[in-house]
Amino acid sequence: MATKIYMDNAATTPVRDEVLNTVIPYFKEYYGNASSVYSIAKESKKALEKAREQVAKGIGAKTDEIFFTAGGSESDNMALRGVAEALKGKGNHIITTKIEHHAILHTCEYLEKQGYEVTYLSVDEFGKISLDELEKSIRPETILISVMFANNEIGTIQPVAEIGKLAREKGVLFHTDAVQAVGHVLVDVEEMKIDLLSLSGHKLGAPKGVGAIYIRKGVPVQPLIFGGAQEKRKRAGTENIPGIVGLGKAVELAVADMEAETKRLVELRDKLISEILAKVPESRLNGHPTDRLPGNCNISFAYIEGESMLLLLDAMGIAASSGSACTSGSLDPSHVLMAIGLPHEIAHGSLRLTLDRINTPEDVEYVLNKVPDVVQKLREMSPLYEEVMNKKV
Amino acid sequence: MEYSEKVMDHFMNPRNVGVIDDASGVGLVGNAKCGDIMKVYLKIENGRIEDAKFKTFGCGAAVATSSMATELVKGKTIQEALEVTNKAVMEALDGLPPVKVHCSCLAEEALHAALWDYAQKNEIEIEGLKPPVEDVDELHHHGHEE
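Residues numbered from 1 in each chain as written. Chains lettered and ligands numbered in written order. Predicted model: local features only at pLDDT ≥ 70, side-chain atom pairs only at ≥ 80, totals over all residues. Heavy atoms only, no water.

On to the overall build of chain A, then. A count of helices and strands for chain A gives 15 helices and 12 strands. Relative to its length of 393 residues, chain A is compact, with a C-alpha radius of gyration of 22 Å against a globular reference of 21 Å. Out of the 393 residues in chain A, the part that is buried amounts to 58%. By sequence separation, contacts in chain A at least 24 residues apart represent 73% of the contacts at least 6 residues apart. Accessible area of chain A: about 15800 Å², with a carbon and sulfur share of 54%. Taken as two groups, the 45 positive and 54 negative side-chain charges of chain A have centres that lie 5 Å from each other. (Helix = DSSP H or I, 4+ residues; strand = E, 2+ residues; numbered from the N terminus. Rg over C-alpha atoms; globule rule 2.2 N^0.38 Å. Buried < 20%, exposed > 50% of the residue type's maximum accessible area, 1.4 Å probe, protein only. Contact = heavy atoms within 4.5 Å. Areas by Shrake-Rupley, 256 points an atom, 1.4 Å probe, with all protein chains shown as cover. Lys, Arg positive; Asp, Glu negative; His and termini not counted. Charge placed at Lys NZ, Arg CZ, Asp CG, Glu CD.)

Right, here's the structure in full:
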């Protein structure tokens, strides 16, 4: 069945119409290389700098602190590897968390092999780090703290301003992976004392394959990609002008109506959460009840497995995701769900529905009508459920 | 990763879901840790499998292989049922994605565990049948470690 209701906006979003219209001329009309001198290239250069300004404004940064990349993963790699290399004379210790995106975790594993030491902070049942544990983990040789702004799976928002304050006091650089946050919640790098920040285009209505890294003025970062002099020699390669133009426009649009859109989404999200929990016995919300992304709903259902749920929902035209092993591509369920303390079987039965601009109250009604049936159908097939029901009789 | 049409058919419309109250043999295998548990019920009369039912906690492939495995053994003699291997189940489903092959092994193990249970209850020996290796309760607990 064709997808009727798309509720996997944390995975990616459709390009917004206004963004697409803004981008199109940069494929065929203004195709010049921004490094060239002739007129058509000046249009590209102008567009590049306008987009830089739009992104900077969206996160409270200065224009010359924004560097475009090919996406969130590249920005995360650049922040960690770039700072680690630049500061290797100063120290070899990095602090991050157990619930980061793999773009952070796998980069940390790589750095560990290069001789760096990494502390992985634990999180509480809601997915929040402890500022106390963070403070205790800081050593003289700590060069970087990297804590994600908001989690992609369970939506939990970290106390970023407090982390920034602590890091600044201790003289340690603070990076945040804000791929899920920018354009969805208020981000202000100045106020929150953020030194480096990763963001991605396709999570907020811009095309895939474009992102940016904010590097506070004076923060040393070694480039990952060498070549031409683009992006002030921080990131070589001919600029992806259409993508960058799209990113700039998308950030500008998202920030412009964030307040109203947040209010709308929180209402839809809370309805989705509260009614699923009310309709389906033995279900639980994963993540923080209030400090969570406006569009994130993540619920575990006991006795059933996530991939089965996704297949049945897909047959009803609903696109969603899960943290089960079968959907994570390994034998273990999501590392985030394990980190908040879920037993394996509960983590396997998780369902993530992520709402965004495209979703309507009708979508939520439709999903609310279907989810309980899907859960019930799978429970009737489950030996774990049978065991429990037999005990109850 | 994509499932074959047959896998999707057996997942969307699974055959033989349920329990057999007076089952001749019951097999329970799997592991909550990797998210697959299968329970197979067999009704055996005069050395022939008269009925087979299952309950499965698991992904699409786990449900489909349970459905197909129970279909394949119905009406067979015990010796014929032993030939319903994971390979046979997979072939009958037009294949499984490589990461899902272990699900078909679980179906074979569940069948064998049910036959073993039948043999134990009736104090007989089934040629070529080994005792089940997986103890689901033990694995339940194992699943909580780390």
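Don't stop here, the text continues.
We now examine a nonpolar patch on the surface. A contiguous nonpolar surface patch, about 230 Å² in accessible area, is contributed by Val15, Leu20 and Ile24 of chain A. Along the chain, Leu20 of chain A falls in helix 1 (residues 17-23). (Patch = residues over 30% accessible without salt bridge, like charges linked within 9 Å, V, L, I, M, F, W, Y side chains within 5 Å. Salt bridge = Lys/Arg side-chain N within 4 Å of Asp/Glu carboxyl O.)

The next point concerns empty space enclosed by the protein. Under the definition given, this model contains two cavities of 30 Å³ or more. Each pocket or cavity is described by its volume, and for the largest cavity that value is around 200 Å³. Lining the largest cavity are 21 residues; nearest its centre among them are His184, Leu265, Gly295, Leu355 and Asp356 of chain A. With four residues, helix 9 (residues 258-279) of chain A is the largest single contributor of residues to the lining of the largest cavity. A breakdown of the residues in the lining of the largest cavity according to their chemical character gives seven nonpolar, 10 polar and four charged. Taken together, domain 1 (17-256) and domain 2 (257-392) of chain A each give at least three residues to the lining of the largest cavity, which thus spans both. Estimates place the volume of the second largest cavity at around 40 Å³. Together, Ile304, Glu305, Ser308 and Leu378 of chain A together with Thr56, Phe57, Gly58 and Val63 of chain B line the second largest cavity. For the lining of the second largest cavity, a count of residues per class yields four nonpolar, three polar and one charged. (1 Å grid on protein atoms, 1.4 Å probe; cavity = no way out; pocket = protein on both sides within 12 Å on 5 of 7 lines; lining within 4 Å. Points joined across faces, edges and corners; volume = space filled by probe spheres on them. Nonpolar A, V, L, I, M, F, W, Y, C, P; charged D, E, K, R; others polar. Domains from an automatic or database assignment.)

A few words on the sheet that holds strand 9 (residues 283-285) of chain A. Residue and element names in this part refer to chain A. Taken in spatial order, the three strands line up as 9-10-12 in an open sheet, and their pairing is antiparallel. Of all strands in the sheet, those with a lone pairing partner are strand 9 and strand 12 (350-354), marking the two edges. Recorded for the sheet is a direction-independent mean angle of 25° between the axes of neighbouring strands. Where strand 10 (residues 296-301) lies against strand 12, five bridges are found, and the strand directions are antiparallel. Residue pairing across strands places Asn298 opposite Arg352, the latter belonging to strand 12. In the packing of helix 10 (residues 306-315) onto the sheet, contacts are made with strand 10 and strand 12, and the angle to strand 12 comes to roughly 45°. (Pairing = 2+ DSSP bridges. Axes fitted to C-alpha atoms, helices over the stretch in contact; angles between N-to-C directions.)

Looking now at the sheet that holds strand 3 (residues 48-57) of chain B. All names here are of chain B. Reading across from one edge, 1-2-3 is the order of the three strands in this open sheet, with antiparallel pairing throughout. Of all strands in the sheet, those bounded by a partner on one side alone are strand 1 (25-31) and strand 3. The average angle at which neighbouring strand axes cross in this sheet is 15°, direction not considered. Here seven bridges tie strand 1 to strand 2 (residues 36-45), and the two strands are oriented antiparallel to one another. If you follow Gly30 over to strand 2, its bridge partner there is Ile37.

Residues and elements named next belong to chain A. Each domain of chain A was delimited in the assignment, giving domain 1 (17-256) and domain 2 (257-392). Centre-to-centre separation of domain 1 and domain 2, based on C-alpha positions: 29 Å. Facing 29 residues of domain 1, the contacting portion of domain 2 comprises 23 residues. Overall, the association of domain 1 and domain 2 removes approximately 2100 Å² of surface from exposure, summing both partners, and the carbon and sulfur fraction of that is 57%. Contact with domain 2 buries surface across domain 1, with Glu153, Ile154 and His184 losing the most and accounting together for 31% of the total. There are one salt bridge connecting domain 1 and domain 2. Of the charged contacts, one joins Lys128 and Asp291 as a salt bridge, the two residues approaching to 2.6 Å between their closest N and O atoms. For the pair domain 1 and domain 2, the number of links is 15 residue pairs in polar contact (both at pLDDT 80 or more). (Buried area = accessible area lost by both parts, 1.4 Å probe. Polar contact = N/O pair within 3.5 Å; in protein donor to acceptor, adjacent residues only side chain to side chain.)

Take the side chain of Asp8 of chain A next. Residues and elements named next belong to chain A. By the secondary structure assignment, Asp8 is in the loop between strand 1 (5-6) and helix 1. Within the structure, Asp8 has its side chain in polar contact with the side chain of Arg352 (distance 2.9 Å). When neighbours within four sequence positions are excluded, Asp8 is seen to be in contact with Ala319, Ala320, Ser321, Arg352 and Thr354.

This part is about helix 5 (residues 102-113) of chain A. Residues and elements named next belong to chain A. End to end, helix 5 covers 16 Å across 12 residues, agreeing with the expected 16 Å (1.5 Å per residue, within 8%). Within the span of helix 5, buried status applies to Ala103, Ile104, Leu105, Thr107, Cys108 and Leu111. Against helix 4 (72-86), strand 3 (93-97), strand 4 (117-121), strand 5 (142-146), strand 6 (173-177) and helix 12 (335-339) lie the buried residues of helix 5. Positive backbone phi, at 105°, marks Gly115, one or two positions downstream of helix 5. (Expected span 1.5 Å × (residues − 1).)

Right, let's get into the nonpolar core. Core analysis: the biggest nonpolar cluster contains 71 residues, and Leu272, Ile276, Phe301, Leu351 and Leu353 of chain A together with Leu42 and Leu115 of chain B have the highest contact counts within it. The element contributing the most residues to this core is helix 5 (residues 101-122) of chain B, with 10 residues. Contacts of Phe301 of chain A, omitting those with residues within four sequence positions, involve Ile276, Val280, Glu282, Ser283, Met309, Gly349, Leu351, Val371, Val375 and Arg379 of chain A. In this structure, Leu204, Ile241, Ile244 and Tyr303 of chain A belong to the second largest nonpolar core, which totals 70 residues. (Core = buried A, V, L, I, M, F, W, Y, C linked by side-chain atoms within 4.5 Å.)

With 24 residues of chain A in contact, the opposing surface of chain B contributes 30 residues. By the criterion of area lost to chain B, the three top residues of chain A are Met381, Pro383 and Glu386 of chain A, representing 26% of everything that side buries. Our count for the chain A to chain B interface comes out at three salt bridges. With its nearest N and O atoms 3.6 Å apart, the salt bridge here joins Glu386 of chain A to Lys55 of chain B. Our count for the contact surface shared by chain A and chain B stands at 11 residue pairs in polar contact (both at pLDDT 80 or more). Considering every element that reaches the side of chain A that touches chain B, the biggest residue donor is helix 10 of chain A, with five residues. Here the residues of the side of chain A that touches chain B sort into 13 nonpolar, four polar and seven charged.

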